[in-house]
Each structure stands twice: as structure tokens, then as C-alpha cells.
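Survey of secondary and tertiary structure
What follows is each chain in one-letter form.
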Amino acid sequence: LAVMEAHAAEPIPAPGEPEPPGTYLTLRRLAVWLSEPTRRMRVLAVLADATQGLTGGALAGAVHAHSQHGDPFVAGYVRKVLHAVSVPLFDMIRRWVFEGVLDDPHAEFFVRAADWVGASTRVARGDLDGELATLTLAAAMDAAAGSGPGTPITPVTRDLWRQGYWVEGGLLPGFIGAGLARKVLRAGKSINFLQDVCGDRRWVQEACAPAAAAAARAASCGAVEALERLVDEASALVDRRLLEVLRGPKYALGKHFDAIGRYLLLGQGDFVTALMDLVGKELSQDARHVSEITLNHALRTALTCSSACKVDDEEVTERLRARKDRHASAGETGWDVFSLAYDVRGPLATVFTPAAMAQYLRVFQLLWRLKRVEAALADTWMVVRCEVERTLWRMAKRKEQGCEP
């Protein structure tokens, strides 16, 4: 531009005058100098038309599609534009996968959060000390909508892990595949799960902050390969910590799996036998007359009588409850409406969802009926065996006495 201005300052000789010693600006020289900027302007005009009305990842995807042009000049220039467009997107991904932060004021990021997540997580990080229930979130959004401080908070059934965040396919750029997008989503969800449900904010601040600062340099290059490495590192780091927390002594996921197997799936034989003997009389009457208080007392007695009290601590056994179906119909007995329930809260509710617990209940009901049939057959066999032995003994006595059988 400076050379062009210098040449433009030189006077143009009139027709018939001698050529001046300096170089002056001609239309031919101007056309040569402006040829490359004109091509760039044309490329930018095409990109502007192609990306009109698009934002965020959709805009980056449209620019990426034009970077596959066959003209090396066009492809190289569009790649420079794509780099500039991708750096803010990659920075949003970096903050999400390492900090769990959706820094998206204009709704351009392909990871979206439900409206109720913001209010719920603010309550969890401020007042509940990380004990935010995963499936029964306090309805903090009611207060945000204008309820007074004295208004009672109504629990609502919402799953932070499965319903709180999702990938918006329309905002997903073409150079980020579905598999990579799922990794990005899971990494950020895991960070928020650790902070808001497990109460592990200190680890997030101490371990993820240095990693996020190091990843900022990788995100600034705007390359897909660097993005994949960044997401893989974040996923490995967070997944490892999440498993450590869930398997650790605070939540003891494995212990609860074992407890469900022993009690709901009737794997603890002496407990099942003791429970069936203790509740048999209560369950033999009409279902409408069965008392849950009596059933729970029998359950505690069965736990005490069996080896369960030696295997499991009080924290596990207190979660076990005897339940009676409230919708018992006429003609049903207590055996038809009896079930065991295992109470799960906090992070465990994300693993043992209501759907999963409903499946455990169905399996329990089947096994409970089979155990009842087994017990009835055992009792019948004992009676029949005693009668057969007594009859054989009498026949042997009569034979010894020389009498006809």
C-alpha cells in the first residue's frame, strides 16, 4: 500500500511529454497489484453469502466446507479464516471439558444445558455442599421465577446426568464428528457431576485448573488434531477421578451393588429364610390388613438373625425397607403386595435410576414367588417324608409280628 501511494504521488506525463525518471501509477500496474486482494475479497464475499444467518459451530462448519476447495489459493485462504473462526470455539470446548463452564452468552456452542440446570447447580455449589440429589433436584428455579423466601421448595424429578446437558446437532461443525462431540459432552458433564453431585469441587480446582491452562495453548492453534488430544486428555483425567470417587469409601458403589444382589436379588440365603419365616403369618392375611410397620420390624429382626449384620454396616442395612403395594385389590394376600426397596440418593441415584430399580423390583417379585414355592415344596416334602417313613415303619413292625400288611 505504501508503494502504491508513492507511485500515485508521481505525476502522470501528458501525451507527447517525455517519461519522468520516477515510476508513476498506471491502470495496468493498479490491476496487477489489486489482483490478489480482489480474489480474497471474492472469497470473503462467497463465505459471507454461505454463512449468512449462521452462528457458532454451524458457521465454523460452513467455513470448513469451503476449505475443501480445489483451488490452492482459495483453500489456503479459507483455512486461515477457519483458524480464526475455530479458536473461540476451541476455547469454549477447553473451558467446558476442564472446568465444566458453558461460556456461551449467544447460544453458539453445540453443548446445551437445560434451563433448570443453572439454578440447581448454583444452589448445590452455594448451600448444599455438593449433596445435590441427581434425581430429586430441589426446585430452585421456582425461587428464581419469583417465589418468596418463605415459599416451600417442591422436589421435582430431574436427572442432571441424562437430562441436564445434550449435543445440539444443528450447531455441530462438520470437522467435529459425533464420537468426538460425545466425548466433549461427557467430559463436561463429569466435571459438573463431580462438583455439584459428589461435592468434589476442590479436586476440580486443584487438578483441572493447571491442565486447562496448559490446554489453552493447544486450543489457540485451532487444529482438529490438537482438539482431539485435548478432549482425550480431559476425558481420561475426569473419568479416572469420577470412578475413584464413586468407588471410594464415601459412596462405595461396589458395596451397594453387593447389597442389592444379596437382598433385592435374594442372594443372602439365611436372610431370605429368616425373613420368610418371620413375615409368613403377616403376609398370609388379606393385603388390606398388612402393616408395613410389622413388615419392617420383621425385616430388622431377619437382618439381625442372619449373617447380614456381620457382612454389612448400618449405612447399608438402613437403606433396606419393606414395602406394601398401595394399590392392593380385593382378593389379594400380603404375599402379592410385599416387596423390598433399597434407598439410593445423591450420586448413587445416577447409577440406580428409577427405571433400574423398577427392574430390580420385578426380579425380586419373581424370585420371592419362587422362594415361596420352594419353601412350600420343602414343607410338603417334609410332611410326606415323615408320613412315608412312619408308614414304612408300621409295615415293618406288622411284618415282624407276622401280620398281613
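Look above for the structure.
In this text, all values refer to a predicted model and were calculated from it rather than measured experimentally. (Residues numbered from 1 in each chain as written. Predicted model: local features only at pLDDT ≥ 70, side-chain atom pairs only at ≥ 80, totals over all residues. Heavy atoms only, no water.)

Another aspect to go through is the overall build of the protein. Per the secondary structure count, the protein includes 18 helices and six strands. Expressed as a percentage of its 405 residues, the buried residues of the protein come to 37%. The contacts in the protein between residues at least 6 apart in sequence include a share of 69% that link residues at least 24 apart. For the protein, the exposed surface amounts to about 23000 Å²; the carbon and sulfur share of it is 57%. (Helix = DSSP H or I, 4+ residues; strand = E, 2+ residues; numbered from the N terminus. Buried < 20%, exposed > 50% of the residue type's maximum accessible area, 1.4 Å probe, protein only. Contact = heavy atoms within 4.5 Å. Areas by Shrake-Rupley, 256 points an atom, 1.4 Å probe, with all protein chains shown as cover.)

Take the packing of aromatic side chains next. Tallied over the full model, the rule gives ten aromatic pairs. Where Phe-338 meets Trp-368, the ring centres are 5.0 Å apart and the plane angle is 45°; that geometry is what we call tilted. Of this pair, Phe-338 sits in strand 6 (residues 338–342) while Trp-368 sits in helix 18 (residues 354–400); the two residues are 30 residues apart in sequence, bridging distant segments of the chain. The residues Phe-338 and Trp-368 share a single accessibility class, namely buried. Through pairs of rings, three or more aromatic residues link up here, namely Trp-335, Phe-338, Phe-364 and Trp-368. Its guanidinium or amino end placed over the ring of Phe-73, Arg-39 lies 4.1 Å from that ring's centre, counting from NZ or CZ. The aromatic ring of Trp-161 is capped on one face by Lys-189, whose charged end is 4.4 Å from the ring centroid. (Phe/Tyr/Trp six-rings, centres within 6.5 Å; stacked < 30°, edge-to-face > 60°. Lys NZ or Arg CZ within 6 Å of the ring centre and 35° of its normal.)

Turning our eyes to something else, we now look at the layout of surface pockets. Estimated volume of the second largest pocket: approximately 230 Å³. Considering the residues around the second largest pocket, the lining is formed by Gly-269, Val-272, Thr-273, Met-276, Asp-277, Lys-371, Glu-374, Ala-375 and Asp-379. Class assignment for the residues of the lining of the second largest pocket results in three nonpolar, two polar and four charged. (1 Å grid on protein atoms, 1.4 Å probe; cavity = no way out; pocket = protein on both sides within 12 Å on 5 of 7 lines; lining within 4 Å. Points joined across faces, edges and corners; volume = space filled by probe spheres on them. Nonpolar A, V, L, I, M, F, W, Y, C, P; charged D, E, K, R; others polar.)

Applying the stated rule across the entire model yields 20 salt bridges. In this structure, Arg-40 engages Glu-36 in a salt bridge whose closest nitrogen and oxygen atoms are separated by 3.0 Å. Of this pair, Arg-40 and Glu-36 both sit in helix 2 (residues 27–50), four residues apart, roughly one helical turn. Of the charged contacts in the structure, one is a salt bridge between Arg-94 and Glu-99, with a shortest N-O distance of 3.9 Å. The class of Arg-94 is buried, set by a relative accessible area of 10%. Among the ionic contacts, a cluster of salt bridges with common partners joins Asp-91, Arg-94, Arg-95, Glu-99 and Asp-103. (Salt bridge = Lys/Arg side-chain N within 4 Å of Asp/Glu carboxyl O.)

So, on to the nonpolar core. One finds Leu-89, Ile-93, Phe-110, Phe-271 and Trp-368 to be the most contacted residues of the largest nonpolar core, which totals 82 residues. Ile-93 has contacts with Phe-109, Phe-110, Ile-176, Val-184, Leu-227 and Val-231, leaving out every residue within four places of it along the chain. (Core = buried A, V, L, I, M, F, W, Y, C linked by side-chain atoms within 4.5 Å.)

What follows covers the pairing of strand 5 (residues 320–324). Burial along strand 5 is one-sided: Leu-320, Ala-322 and Lys-324 are buried, and none of Arg-321 and Arg-323, which face the opposite way, are. By the bridge criterion, five bridges tie strand 5 to strand 6 in an arrangement that is antiparallel. Along strand 6, the bridge assignment pairs Arg-321 with Ala-341. (Pairing = 2+ DSSP bridges.)

Here we take up the packing of helix 4 (residues 72–99) against helix 10 (residues 224–247). Running from N to C, helix 4 and helix 10 point in directions that differ by 10°, and their axes come no closer than 10 Å. Looking at the two axes, helix 4 sits roughly parallel to helix 10. Within the contact between the two elements, helix 4 uses Phe-90, Ile-93, Arg-94, Val-97 and Phe-98 and helix 10 uses Val-224, Leu-227, Leu-230, Val-231, Ala-234 and Val-238. For the contact of helix 4 with helix 10, a count of residues per class yields ten nonpolar, no polar and one charged. (Axes fitted to C-alpha atoms, helices over the stretch in contact; angles between N-to-C directions. Parallel < 35°, antiparallel > 145°, perpendicular 65-115°, else oblique.)

Quick look at the side chain of Thr-317 now. With respect to the helices, strands and loops of the structure, Thr-317 is situated in helix 15 (residues 314–317). One polar contact links the side chain of Thr-317 to the main-chain carbonyl oxygen of Glu-314, over a distance of 3.2 Å. Other than its neighbours up to four places away in sequence, Thr-317 contacts Tyr-263, Arg-300, Leu-303 and Asp-312. (Polar contact = N/O pair within 3.5 Å; in protein donor to acceptor, adjacent residues only side chain to side chain.)

When the terminal C-alpha atoms of helix 18 are compared, their 68 Å separation across 47 residues agrees well with the 69 Å that a helix rising 1.5 Å per residue should span. Among the residues making up helix 18, those that are buried are Met-357, Tyr-360, Phe-364 and Trp-368. Tucked inside the fold, the buried residues of helix 18 contact helix 11 (253–263), helix 12 (269–283), helix 16 (334–337) and strand 6. (Expected span 1.5 Å × (residues − 1).)

The next thing to look at is empty space enclosed by the protein. Under the counting rule described, the total for this entry stands at one cavity of 30 Å³ or more. In this structure, the largest cavity spans a volume of roughly 30 Å³. Around the largest cavity sit Trp-335, Asp-336, Phe-338, Gln-365, Trp-368 and Arg-369, which together line it. Looking at the lining of the largest cavity, the elements with two or more residues in it are helix 16 and helix 18. Among the elements that line the lining of the largest cavity, the one with the most residues is helix 18, at three residues.

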